[in-house]
Amino acid sequence: MVTLPVWIGSLDRKLFRDIWRLRAQAFAIALVIAAGVGMVVMSFGMIRSLEATRDAYYDRYRFADIFATATRVPDAVLEDIQAIDGVSIVEGRLNAGATLDIPGISEPITTIIHSLPPSGMPRVNALVLRSGRLPDPSRPEEVIASEKFADAARIGLGDTISALLYGKRQKVRIVGTVLSPEYIYAIGPGQIIPDNRRFGVLWMGQEHLAAALNSRNTFNEVLIRTERGANAQDIIDRVDVLLERYGGRGARPRKDQISDRFLESELSELRSMTGILPPIFLGVAAFLINMVLSRLVESEREIIGLLTAFGYRSRTIMLHYAKLALVLSLPGLALGLAFGYWMGRGVAGIYQNFFVFPFLTYRAGFDVYLLSCAIAIGVVILGAAQTVRKIGKLTAAEAMRPPVPPNYSGGIAKIIGRIKRLDEPTRIILRGIVRRPLRSALGSVGIAGALGLYITSAGSSDSIGQLMSLIFDQTNRADVTITFTEPRDERALFELSKLPGVMRVEPVRNISATFTSGYRSKSESLTGLPQSGDLNRLVNIDGQVISPPVKGLIISPALARDLAVETGDPVDIQITDGRRPSLTMPVASIMESAIGNPASMDLANMGPMMHEASLSSGAYLSVDPAEMQNLYRRLKEMPMVAGFSQRAAALRGIDETIGETLGIVRLFNTGFAALIVFGVVYNNARISLAERARDLVSLRVLGYRRSEVSYVLLGEISLLVLGGLPLGILFGYYLSKMISSTFGGDLFTIPFALSVATVATAILVVLITSAVSALFVRNRLDQLDLVSVLKTRE
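Residues numbered from 1 in each chain as written. Predicted model: local features only at pLDDT ≥ 70, side-chain atom pairs only at ≥ 80, totals over all residues. Heavy atoms only, no water.

Draft legend 1. Quick look at the overall build of the chain. Each helix and strand in the chain was counted, giving 24 helices and 22 strands. Taken over 794 residues, the chain has a buried fraction of 53%. In the chain, the share of contacts with a sequence separation of at least 24, taken over all contacts with a separation of at least 6, comes to 81%. Accessible surface computed for the chain: about 35,500 Å², of which carbon and sulfur atoms make up 56%. (Helix = DSSP H or I, 4+ residues; strand = E, 2+ residues; numbered from the N terminus. Buried < 20%, exposed > 50% of the residue type's maximum accessible area, 1.4 Å probe, protein only. Contact = heavy atoms within 4.5 Å. Areas by Shrake-Rupley, 256 points an atom, 1.4 Å probe, with all protein chains shown as cover.)

What follows is the structure, given as structure tokens:
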């Protein structure tokens, strides 16, 4: 051991000796604290990085605050919108759906084409040019593409592809790739996750797109940037009035834009996770600190008595043990900060696969590191507080008095002694547990906490698997989903039914509407589904199939909360499509589903409600797999098809993206949990060895074999581990359930699921970790020197 300088005081010398003596326990505590601090740094830093990147991206590239669509609006209306109080920048553009035929991809590729102003770069929703150049206004065939789409579809600069635009086949050439704040999370019609290979965004010169759509000097979407502090709802109301005569479908704020909604939903879930897991991790660390200090004080009662007798104040002694707790936490604090930063950078890379930013750098900030340190130190002080207070109450005489020998004459100990089948080492194990029931129970509680955290971390994949099953196996069971360019009558369904391999066709109608109850309102989509539908069904979060109501609406819990309505309450509906009728319908039921369905009704009632014939905005197809390629070729030539998605392709995309990402996140979380498991188990074992070293060595002197002595120590540890397993399973079950209930929102609801395999794996990890810890402790036990251990301090 290193010789300490003479100027270091006696208690500080003792502090260094204690730290060296407790280095093994300090290592285990450091692992647990590192896990908790790492989670805090990663989570808070990731929230800050995403928010800062999003805000900077939106501001620098002038992301619109308000979006409004219509059928065809004269350019002159832009001046009226610009005159509205609070409007900073207004820009109109043309949007059109198109189907691409790209060599090497058999499926039809759905794309949205936006117009570019004559200047080239939009004033609102400006683009980040990543490669190439902007289209030449004199070349109608030139377009630029979203970078992710170009990479996934393997389209290079100069490549020419075929596009079916407004019923006409034409060639377009890629001259550049870009990013847009409008497509941070880019999903096409009928998709629920980004599929960059089958959905893309193109930008074309305004004059050329207007000629293709026969829409010169008009626009069908207006983008608005508002002034700081402007009343956005007032602007929306006035824009709706201006666009109503031109088929306006209702202006909506940025928060209702699909990309921003997904991003904000992810941030909300990250905030929820930050408020749950890190406190639990750090709570386990506090428990370990308390366990180590309380047992250390118990073993050093005589030393504390001597220090008091020699004139040391109780406050000084209390400060000494508080300093010990803080010093024991420092390695874990440093490791946690470094680990959290490394984890944050890794998670930032994962987010970049889903949320397309021109940059996403993990930057936690000094205050996040300072906050993490403050939280960790606070947790350590909290864990040490009870023990330190106990020290302050000890008098010299009381501390130096030897502990009362345990009484084995009655109670459970007496029953143990009467069981003749038990050998003496087993009796010693059971008496040791019974002698200190609270301490034994706390040891099992520590094991239970570690097991529960592992189950919670590993069980996230079960919930995601259940979510995918609800969406693709029970709700949307169609092989192909088609979205029409505009609502179509039954002739379109008949035409689809005659395509190669199509075995069943089911219609669907989606319309835009504003739902109002009292002073509360919300703009959402209203979906009409057939009563006899089987390819796309209403399925609640518990897997029960719900038929569309004959009368009234089925709404989501999110919409019910926004409107403050319950089952049976009337809701005013302002349709913003077609003839824009207004009506009132009752809430038939409130249904929580895996994927957000704001409002649904019987498709048969939608035609009369809209004062028009029965129309469909899309269709679900059941297709013979052998004819799928022939179907693709026919769909590529159908002008009425604006969107296409295939169930099998969506599942492959989920496996390739979400599956891989979840695997990495799960590895991080379970790695944290595994550190805690090892820290708790190993600490328990080392503390038990330190407490019982004299007793165990005495058994060796009395003639017990080394294996019998090991059995006494490891048997007690094994019983504590086994006792903590049932409690840990319950803790993990309810913690997983609580976390599942906090995730999701109006877009997704994560169902709770926990498989037997996950629980079994968690138990196996605890048992293996316990076995490894036991090997370390057994090796330490074998190295004990009999003479030095038996020496007393008297």
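Draft legend 2. Main features of the side chain of serine 259. Here serine 259 is to be found in helix α7 (residues 258-274). A distance of 3.2 Å separates the side chain of serine 259 from the backbone nitrogen of isoleucine 184, its partner in a polar contact. Ignoring sequence-local partners within four residues, the contact set of serine 259 consists of Pro181, Glu182, Tyr183, Ile184 and Tyr185. (Polar contact = N/O pair within 3.5 Å; in protein donor to acceptor, adjacent residues only side chain to side chain.)

Draft legend 3. Representation of a nonpolar patch on the surface. Together, Leu438, Leu442, Val445 and Leu727 line one region of the surface with nonpolar side chains, adding up to about 350 Å² of accessible area. No other element matches helix α15 (residues 437-458), which puts three residues into the nonpolar patch. Along the chain, leucine 442 turns up in helix α15. For leucine 442, a relative accessible area of 34% gives the class partly exposed. (Patch = residues over 30% accessible without salt bridge, like charges linked within 9 Å, V, L, I, M, F, W, Y side chains within 5 Å. Salt bridge = Lys/Arg side-chain N within 4 Å of Asp/Glu carboxyl O.)

Draft legend 4. Spatial organisation of a negative patch on the surface. A cluster of like negative charges, contributed by Asp85, Glu227, Asp234 and Asp237, occupies part of the molecular surface. For glutamate 227, a relative accessible area of 43% translates into the label partly exposed. (Lys, Arg positive; Asp, Glu negative; His and termini not counted. Charge placed at Lys NZ, Arg CZ, Asp CG, Glu CD.)

Draft legend 5. Structural view of the packing of α15 against helix α22 (residues 706-742). Contact geometry of α15 with α22 gives a least axis separation of 6 Å together with a crossing angle of 40°. For the element pair α15 / α22, the angle class is oblique. Along this stretch, α15 crosses α22, giving a crossing that reads as right-handed. (Axes fitted to C-alpha atoms, helices over the stretch in contact; angles between N-to-C directions. Parallel < 35°, antiparallel > 145°, perpendicular 65-115°, else oblique. Left-handed = near helix turned anticlockwise from the far one by under 90°.)

Draft legend 6. Seen up close, the packing of aromatic side chains. For the structure shown, the criterion picks out 13 aromatic pairs. Between tyrosine 351 and phenylalanine 355, the aromatic rings sit 6.1 Å apart at their centres with planes inclined by 35°, giving tilted as the arrangement. Accessibility classification places tyrosine 351 together with phenylalanine 355 in one group, the buried group. (Phe/Tyr/Trp six-rings, centres within 6.5 Å; stacked < 30°, edge-to-face > 60°.)

Draft legend 7. Broad picture of the packing of helix α2 (residues 23-60) against helix α10 (residues 314-354). Following both chains from N to C, one finds α2 and α10 inclined at 40°, their axes separated by 6 Å at the closest point. In this structure, α2 crosses over α10, and the sense of that crossing is right-handed.

Draft legend 8. Region of interest: the pattern of salt bridges. Applying the stated rule across the entire model yields 27 salt bridges. With its nearest N and O atoms 3.2 Å apart, the salt bridge here joins arginine 54 to aspartate 55. Arginine 225 is paired through a salt bridge with aspartate 59; the nearest N and O atoms lie 4.0 Å apart. In this pair, arginine 225 is assigned in strand β10 (residues 218-226) and aspartate 59 in helix α2, connecting sequence segments 166 residues apart.

Draft legend 9. Spatial organisation of the pairing of strand β8 (residues 168-179). The pairing of strand β5 (residues 128-132) with β8 spans four bridges and is classified as antiparallel. The residue of β8 that forms the bridge with serine 131 is threonine 177. Alignment of strand β6 (residues 142-146) against β8, held across five bridges, turns out to be parallel. Looking at the pairing, glutamate 142 lines up with arginine 173 of β8. Across six bridges, the pairing between strand β7 (residues 160-165) and β8 is antiparallel. Across the sheet, alanine 163 pairs through a bridge with glutamine 170, a residue of β8. Connecting β7 to the next strand, β8, in antiparallel fashion are two residues, including tyrosine 166 with a positive phi near 55°. (Pairing = 2+ DSSP bridges.)

Draft legend 10. Molecular detail of the sheet that holds strand β1 (residues 66-74). The sheet built from four strands is open, its strands ordered β2-β10-β1-β11 with antiparallel pairing. Each having just a single partner strand, β2 (87-93) and β11 (252-253) make up the two edges of the open sheet. With six bridges connecting them, β1 and β10 associate as antiparallel partners. Note that in β10 the partner of proline 74 across the bridge is threonine 218.

Draft legend 11. Fine view of the environment of serine 740. Looking at the element boundaries, serine 740 is found in helix α22. Classification of serine 740 by relative accessible area gives buried; the value is 9%. In this structure, the C-alpha to C-alpha distance between serine 740 and isoleucine 750, residues 10 residues apart in sequence, is 5.9 Å. Once you skip the residues sitting within four places of it in the chain, serine 740 turns out to touch Ser463, Ile750, Pro751 and Phe752.

Draft legend 12. Spotlight on unusual backbone geometry. Despite not being glycine, arginine 62 shows a phi value in the positive range, around 50°. Here arginine 62 is to be found in the loop between α2 and β1. Unusually for a residue other than glycine, histidine 611 sits at a positive phi of about 60°. Note on histidine 611: relative accessible area 52%, which makes it exposed.

Draft legend 13. Helix α19 (residues 603-610), seen in detail. Listing the buried residues of α19 in full gives Leu603, Met606, Gly607, Met609 and Met610. Axial view of α19: buried residues confined to an arc of 165°, hence all on one face. In this structure, α19 carries Ala604 and Pro608 as exposed residues pointing more than 90 degrees from its buried face. Contacts from the buried residues of α19 go to β13 (502-517), β14 (520-529), β18 (570-575), β19 (582-590) and β20 (599-602). (Arc of directions from axis to C-beta.)

Draft legend 14. Region of the structure containing the environment of asparagine 684. Position of asparagine 684 among the secondary structure elements: in helix α21 (residues 647-701). Sequence-wise, asparagine 684 and serine 773 are 89 residues apart; in three dimensions their C-alpha atoms are separated by 9.3 Å.

Draft legend 15. Representation of the side chain of serine 49 within the structure. Considering the arrangement of structural elements, one finds serine 49 in helix α2. Using a relative accessible area of 3% as the deciding quantity, one classes serine 49 as buried. In this structure the side chain of serine 49 is engaged in a polar contact, spanning 2.8 Å, whose partner is the backbone oxygen of glycine 45. A distance of 2.9 Å separates a polar side-chain atom of serine 49 from the backbone nitrogen of arginine 363.

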